[in-house]
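These are the residues of each chain, in order.
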Amino acid sequence: MDQDELRNAAQAAGLQAAERRVHLRFDAAAGPGAVEGALTEARSHFDGSRVRTFIPILVERRAADTLERIRAAREDGKGRRPGPAGGEG
């Protein structure tokens, strides 16, 4: 195995570990489909990157940020009560 193959294997393993962590953290709150969508978007964001060393952690952070926003929006929507008539509240 040459250096490029080793780097690619290490990156693949790092991505798998990062994706597992994101799924464990967010599947229950956002759903596996939303988690996979956020991970797909995050991976595609870094597709053309020349420096690949930090891709797994960057993908994890980007996906987690997206999913945190989804979770916050859902919790915000659940916690709101309708205001009084007239639109104030």
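Shown above is the structure to which this text applies.
Values in this document were obtained by computation on a predicted structure and should not be read as measured data.

1. Observations regarding helix H1 (residues 3-30)
Its 28 residues give H1 an end-to-end C-alpha distance of 38 Å, which sits within 8% of 40 Å, the value for a rise of 1.5 Å per residue. For H1, the principal kink sits at Leu24 and spans about 35 degrees. The complete set of buried residues in H1 reads Gln11, Leu15, Ala18, Glu19, Val22, Phe26 and Ala30. For H1, the capping residue at the N-terminal end is Asp2, with a side-chain oxygen 3.3 Å from the backbone nitrogen of Asp4. Among the residues trailing H1, Gly31 stands out with phi positive, at a value near 95 degrees.

2. Observations regarding the side chain of Glu60
Following the sequence through the fold, Glu60 ends up in helix H3 (residues 55-79). Judged by relative accessible area, which is 15%, Glu60 ranks as buried. Discounting residues that sit within four places of it in the chain, Glu60 has contacts with Ala18, Arg21 and Val22.

3. Overview of the nonpolar core
Looking at soluble globular proteins, one finds that nonpolar side chains tend to be buried together. Counting 14 residues, the largest nonpolar core has Val22, Phe26, Val35, Leu39, Val59, Ala63 and Leu67 as the members making the most contacts within it. For this core, the secondary-structure elements that each account for two or more residues are H1, helix H2 (32-45) and H3. Per element, the largest residue contribution to this core is five residues, and it comes from H3. For Leu67, the contacting residues outside a window of four places in its chain are Val22, Phe26, Ala30, Ala34, Val35 and Ala38.

4. Focus: a nonpolar patch on the surface
On the surface, a cluster of nonpolar side chains totalling about 370 Å² of accessible area is made up of Val51, Phe54, Ile57 and Leu58. By secondary structure assignment, the location of Leu58 is in helix H3. The partly exposed category is assigned to Leu58, whose relative accessible area is 34%.

About the thresholds
Residues numbered from 1 in each chain as written. Predicted model: local features only at pLDDT ≥ 70, side-chain atom pairs only at ≥ 80, totals over all residues. Heavy atoms only, no water. Helix = DSSP H or I, 4+ residues; strand = E, 2+ residues; numbered from the N terminus. Expected span 1.5 Å × (residues − 1). Bend = angle between axes of the 7 residues up to and from the residue. Buried < 20%, exposed > 50% of the residue type's maximum accessible area, 1.4 Å probe, protein only. Polar contact = N/O pair within 3.5 Å; in protein donor to acceptor, adjacent residues only side chain to side chain. Contact = heavy atoms within 4.5 Å. Core = buried A, V, L, I, M, F, W, Y, C linked by side-chain atoms within 4.5 Å. Patch = residues over 30% accessible without salt bridge, like charges linked within 9 Å, V, L, I, M, F, W, Y side chains within 5 Å. Areas by Shrake-Rupley, 256 points an atom, 1.4 Å probe, with all protein chains shown as cover. Salt bridge = Lys/Arg side-chain N within 4 Å of Asp/Glu carboxyl O.

These values are about where atoms sit, not about what they do.
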